[in-house]
Every structure is written in structure tokens, then in C-alpha cells.
Amino acid sequence: MDSTVSTPADARTRILDAVETLVVRKGVTGLTLEAAAREARVSKGGLLYHFGSKEALLSGVMQRLAETVTRDYEDGVALQPEGRGRAARAQLAWAFGEADCSPGQDKNDRMAAVCLAAFHHDPVLLDPLRAVIERMKADLIADDIPHGIAMVVKTATDGLFMAHLFGMYRPAEADILALRATLHSLLEQRP
């Protein structure tokens, strides 16, 4: 088989990658079917075979993002020792970029752009990611740590992501170290 011929799965992946690239570069207003096809190096008909509208493109990207966050979260939990506070430690490791639990700056920037584009187009498109975040919250609540501490961990990690998402501020290294130490010390408290 000729290696220059793409399989449908490859074309779909290229299209979703192209959508991310476009929304990072130009925002949701720069995302058109024509621009996505051009960026993905597929015909408009090929794009329409996989995604029939701009909303379908954004929905596909959000679904893929939710699957990626789920996989990253599950991998992060698996890296933590079993027992009390496992989900909380995994969420802190992800939020603070520890070991293999961090999505990395480029991936964070892409996630932020995709979330903002989807929200701008139709907030319902965020539902797959909302479901993942709700699961993470439920895991924290069931993590054998006090409910209040679970909510502090959730709120702090969400806050760091939202600060990045909206470009509100970049915490200094001293801020990160102090926050990390405080959150980890909270996890050591017994109910």
C-alpha cells in the first residue's frame, strides 16, 4: 500500500489537529470548513465526510480532549500509591506538572484555545469535558479525605487551569511552591 494514501482515521486525526492549530492561531472566528480542510491537507469533501459542520469539528475536538484528559487522569492516578488521597495526589501532580502527569505547556495552550473556542461557539460543546471534571470531583469526594480538603484541592487545581485558560496570571515559582506545599500538607491531615 502506498504510504502517501491516508486512511480515514489518519484524515480524521489530521482534521482534528488542524482545528486545534487554527483555533490556537486565529480563534474560533478563524475556523471555517475551508480553512480546516486546507490546514489538514484534505479536500473539503473529505472533511465533510468526517465532520459536516463547524459545530461537528468543535464537538470532535472537545470529545477528543475529554478522552485525552480522562486517559491522562487515569494514568496519573495509576502512578500514585494506592490508598487515602490517591486521586488528590494525582490531581495535584497533574496541576503542578510533576513527573509524567503534566500535559505540558503546548498541550495546555491547545486545551485552553479549544475550550475557549467551543465555549464561544456553544457552551454545550464543553459537556464531554464537564463530565470528566465531574468524575474527578467525585473521585476526590470518595478519596477518604475530608470533604472540605477535597474541595480545596479541586478548587485550587481548577483555579490554576482557569488562570492559564484565561491568561489572568502566571503564578511565580514561589507561589507554586507555597501552594503545592500547603495542599500536600492538607492531604496529610486525618479526618
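Residues numbered from 1 in each chain as written. Predicted model: local features only at pLDDT ≥ 70, side-chain atom pairs only at ≥ 80, totals over all residues. Heavy atoms only, no water.

Caption draft 1: Broad picture of empty space enclosed by the protein. Applying the stated criterion to the full structure yields one cavity of 30 Å³ or more. In this structure, the largest cavity spans a volume of roughly 30 Å³. Lining the largest cavity we find V69, D72, Y73, W94 and M136. Considering each element in turn, the lining of the largest cavity owes the most residues, three residues, to helix 4 (residues 54-79). Of the residues contributing to the lining of the largest cavity, the split by class is four nonpolar, no polar and one charged. (1 Å grid on protein atoms, 1.4 Å probe; cavity = no way out; pocket = protein on both sides within 12 Å on 5 of 7 lines; lining within 4 Å. Points joined across faces, edges and corners; volume = space filled by probe spheres on them. Helix = DSSP H or I, 4+ residues; strand = E, 2+ residues; numbered from the N terminus. Nonpolar A, V, L, I, M, F, W, Y, C, P; charged D, E, K, R; others polar.)

Caption draft 2: Up close: unusual backbone geometry. Of note, R41 is a non-glycine position whose phi angle comes to about 60°, a positive value. Of note, R41 is situated in the loop between helix 2 (33-40) and helix 3 (44-50). Despite not being glycine, D144 has its phi angle at roughly 60°, a positive value. Relative to the helices and strands, D144 resides in the loop between helix 7 (127-141) and helix 8 (147-165).

Caption draft 3: Structural detail: the environment of L183. Structurally, L183 is set in helix 9 (residues 173-188). Sequence separation between L183 and V153 is 30 residues; the distance between their C-alpha atoms is 6.7 Å. If sequence neighbours within four positions are ignored, L183 has contacts with L92, F96, V152, V153 and A156. (Contact = heavy atoms within 4.5 Å.)

Caption draft 4: Summary view of the pattern of salt bridges. Scanning the model with the defined rule gives nine salt bridges in all. Salt-bridge contacts for D17 lead to R64; the nearest nitrogen and oxygen are separated by 2.9 Å. Of this pair, D17 sits in helix 1 (residues 8-26) while R64 sits in helix 4, placing them 47 residues apart in sequence. Ionic pairing is found between R135 and E74, a salt bridge with its closest N-O pair at 2.8 Å. With R135 in helix 7 and E74 in helix 4, this residue pair connects regions lying 61 residues apart in the sequence. Relative accessible area serves as the criterion here: at 35%, R135 is assigned to the partly exposed category. (Salt bridge = Lys/Arg side-chain N within 4 Å of Asp/Glu carboxyl O. Buried < 20%, exposed > 50% of the residue type's maximum accessible area, 1.4 Å probe, protein only.)

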